[in-house]
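# Coordinate inspection notes
Residue strings, one per chain:
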Amino acid sequence: MASRSEYQSLADEEDRTAASDEDSALLGVEGEDGNKVPFSWVEYGIFCFLGVAMLWAWNMFLAAAPYFAGRFAGDAWIKANFQSTILTVSTLTNLASALILSHIQHSASYPFRINLALVGNTVIFGLLTCSTTVFLEASPRQYLGFVLAMVACTSWAAGLMQNGAFAFAAGFGRSEYMQALMVGQGVAGVLPSVAQVASVLLFPTGKENAAGEGAGESSAFYYFLAAVAISLLTLVAVIPLVRRHNRLAADRLTERLAASMTSIEEAERATRKAVSLLHLLRKLRWLASGVALVFAVTMFFPVFTVKILSVHTDGGLIFQPAVFIPVGFLFWNVGDLAGRVATMLPFSLSRRPVLLFVLAVARVALLPLYLLCNVDGRGAIVPSDFFYLFVVQIVFGLTNGWLGSSLMMASGDWVEENEREATGGFMGLCLVAGLASGSLLSFTISGI
């Protein structure tokens, strides 16, 4: 375990150099440490909206599990393993893109990466929307191939957006904006689940509309279409944020580099420090390991959630799998969102990275609680939907949101100012690495 002196927060250093004081003055910064840009609730809201778009596609695939199960009903193996397969393809592709992008720091244009990802998601979810109305006779294998191709494309886009957004937020030097991204991700988990539950209730199984379209296809059409709308809205919302970023970069860099540089972007890149991943790992070992572990453990929850049924087998529509499974996702995501929002409270462990890591390890003990529930309708050791939804799902989601956000937010306090953008991308990489390892490990419980 590192000593306090060995692991001292750089944000607390009082011996700021004259150069960084000069940079702060150029930025018109405020705050106790003298190196932060002024906080803006408008910018916070835009970062939050960006966080929504970042994970909206991911959560759409999770919330659409009942629809996919219906499309895969003709193949027993695919129906049993499609969730783990989707998770694995998604996270491995996401990890590959994050690794590649993390090694491209000096020439990186983070706004371009964000916009490219949003355009890609618009096209991909447009195709998924169309798939609910055409080629409905495709075999489970054919449809799985199409879905996995779409998953891989959205995951590559997610890698672009995660790398761009986390680095972009870190570049502002305010942990609140990193927290806004995490809160937005939590909102992205709640809304698709709400949309899925509402769509199934509005279009009950077996009911057809006037055009003769099946109810499952009707509901899927609308929540895939919602993903298209979210991507387009985010493209518009991010414009003022990019302009604000460019103004800050201009204020900071113009006096030093205007004579030799032709654009703000070139000036910004000239002073951007390329940082090796190993260097960041040495500085952030507890935080990086903690965030990877948190999200690796989290990857078990989707596999359990699609298998756990209500104990009220003869109840109303709300207790049927088509609704109860999305309700399970909804409760987990409500807990996750609450945990992310809770990081706004004054209580913080950002200065105690080892303790955050220990809490991440302790969270593994929550996984066996799922085995007490009604897995695959075989009966529950604790025969209570309240226990499953309010104790297991909300608590597991709450710990994910609070720990994951705390670890991400703390990272900026342990590096130099000119390493913050690289740190944002690195922590995003660790998050994705945790998701990838967790999705692979989730195959160990796919047959329970």
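An unreviewed UniProt entry annotates the protein chain as Nucleoside transporter originating from Trichoderma cornu-damae. The UniProt entry for the protein chain carries the following comment under Sequence similarities (unreviewed entry): "Belongs to the SLC29A/ENT transporter (TC 2.A.57) family."

## What to know about the overall build of the protein chain
Broken down by element type, the protein chain carries 16 helices and zero strands. Counting only residues that meet the buried cut, the protein chain has 54% of its 448 residues in that class. Pairs at least 24 residues apart make up 83% of the contacts formed inside the protein chain by residues separated by at least 6 positions. With the model as given, the accessible surface of the protein chain reaches about 18,400 Å², and the carbon-plus-sulfur share is 67%.

## Some remarks on the pattern of salt bridges
Evaluation of the coordinates by the stated rule reveals four salt bridges. Its salt-bridge partner being lysine 283, residue glutamate 419 comes within 3.0 Å of it at the nearest N-O pair. Taken together, the positions of glutamate 419 in the loop between α15 (385-410) and α16 (420-441) and lysine 283 in helix α10 (residues 277-283) put the pair 136 residues apart, joining distant regions of the chain. On the accessibility criterion, lysine 283 (22% relative accessible area) is partly exposed. For aspartate 336, the salt bridge identified is with arginine 340, shortest N-O distance 2.8 Å. Of this pair, aspartate 336 and arginine 340 both sit in helix α13 (residues 321-342), separated by four residues, roughly a single helical turn.

## Some remarks on the environment of valine 432
Tracing the sequence through the fold places valine 432 in helix α16. Owing to a relative accessible area of 1%, valine 432 belongs among the buried residues under this scheme. Measuring from C-alpha to C-alpha, the distance between valine 432 and valine 291 comes to 9.3 Å, with 141 residues separating the pair along the chain. With sequence-adjacent residues up to four places away left out, valine 432 is seen in contact with Thr91, Asn94, Leu95 and Gln162.

## What to know about the side chain of serine 131
With respect to the helices and strands, serine 131 occurs in helix α5 (residues 110-131). Judged by its relative accessible area of 7%, serine 131 is buried. A polar contact is formed between the side chain of serine 131 and the backbone oxygen of leucine 128, at a distance of 2.6 Å. Setting aside its immediate chain neighbours within four residues, serine 131 contacts Tyr67, Arg71, Leu136, Tyr143 and Phe146.

## Quick notes on the nonpolar core
The biggest cluster of nonpolar side chains holds 117 residues, and the ones touching the most others in it are Phe47, Phe68, Phe125, Phe224 and Tyr370. Beyond its immediate sequence surroundings of up to four residues, phenylalanine 68 is in contact with Phe61, Phe82, Ile86, Tyr143, Val147 and Phe224. With five residues, the next largest nonpolar core counts Leu95, Ala98, Leu429 and Val432 among its residues.

## Structural notes on the confidence of the model for the protein chain
The predicted model of the protein chain averages 79 in pLDDT, with 80% of residues at 70 or higher. The weakest mean pLDDT in the protein chain belongs to helix α1 (residues 18-27) at 36; the strongest belongs to helix α14 (residues 353-362) at 95. Considering only residues more than four positions removed or in separate chains, one finds that residues 207-215, a stretch of pLDDT under 50, has 14 contacts.

## With respect to the environment of leucine 191
Mapping leucine 191 onto the fold places it in helix α7 (residues 175-202). On the accessibility criterion, leucine 191 (40% relative accessible area) is partly exposed. For leucine 191 and asparagine 333, which are 142 residues apart along the polypeptide, the C-alpha to C-alpha distance reads 8.9 Å.

## A short note on unusual backbone geometry
A negative phi holds for most residues other than glycine; trans holds for most peptide bonds. Even without being a glycine, phenylalanine 135 presents a positive backbone phi close to 55 degrees. For phenylalanine 135, the position within the fold is in the loop between α5 and α6 (140-171). For phenylalanine 135, a relative accessible area of 71% puts it in the exposed group. Backbone geometry places aspartate 376, a non-glycine residue, at a positive phi of 55 degrees. Tracing the backbone shows aspartate 376 in the loop between α14 and α15.

## Description of helix α4 (residues 76-102)
Here α4 contains 27 residues, and its C-alpha end-to-end distance of 39 Å stays within 8% of the 39 Å for a straight helix at 1.5 Å per residue. The largest bend in α4 amounts to roughly 55 degrees and is located at phenylalanine 82.

Criteria and cut-off values
Residues numbered from 1 in each chain as written. Predicted model: local features only at pLDDT ≥ 70, side-chain atom pairs only at ≥ 80, totals over all residues. Heavy atoms only, no water. UniProt positions renumbered as here; feature names shortened; annotations may be inferred. Helix = DSSP H or I, 4+ residues; strand = E, 2+ residues; numbered from the N terminus. Buried < 20%, exposed > 50% of the residue type's maximum accessible area, 1.4 Å probe, protein only. Contact = heavy atoms within 4.5 Å. Areas by Shrake-Rupley, 256 points an atom, 1.4 Å probe, with all protein chains shown as cover. Salt bridge = Lys/Arg side-chain N within 4 Å of Asp/Glu carboxyl O. Polar contact = N/O pair within 3.5 Å; in protein donor to acceptor, adjacent residues only side chain to side chain. Core = buried A, V, L, I, M, F, W, Y, C linked by side-chain atoms within 4.5 Å. pLDDT = per-residue confidence, 0-100. Expected span 1.5 Å × (residues − 1). Bend = angle between axes of the 7 residues up to and from the residue.

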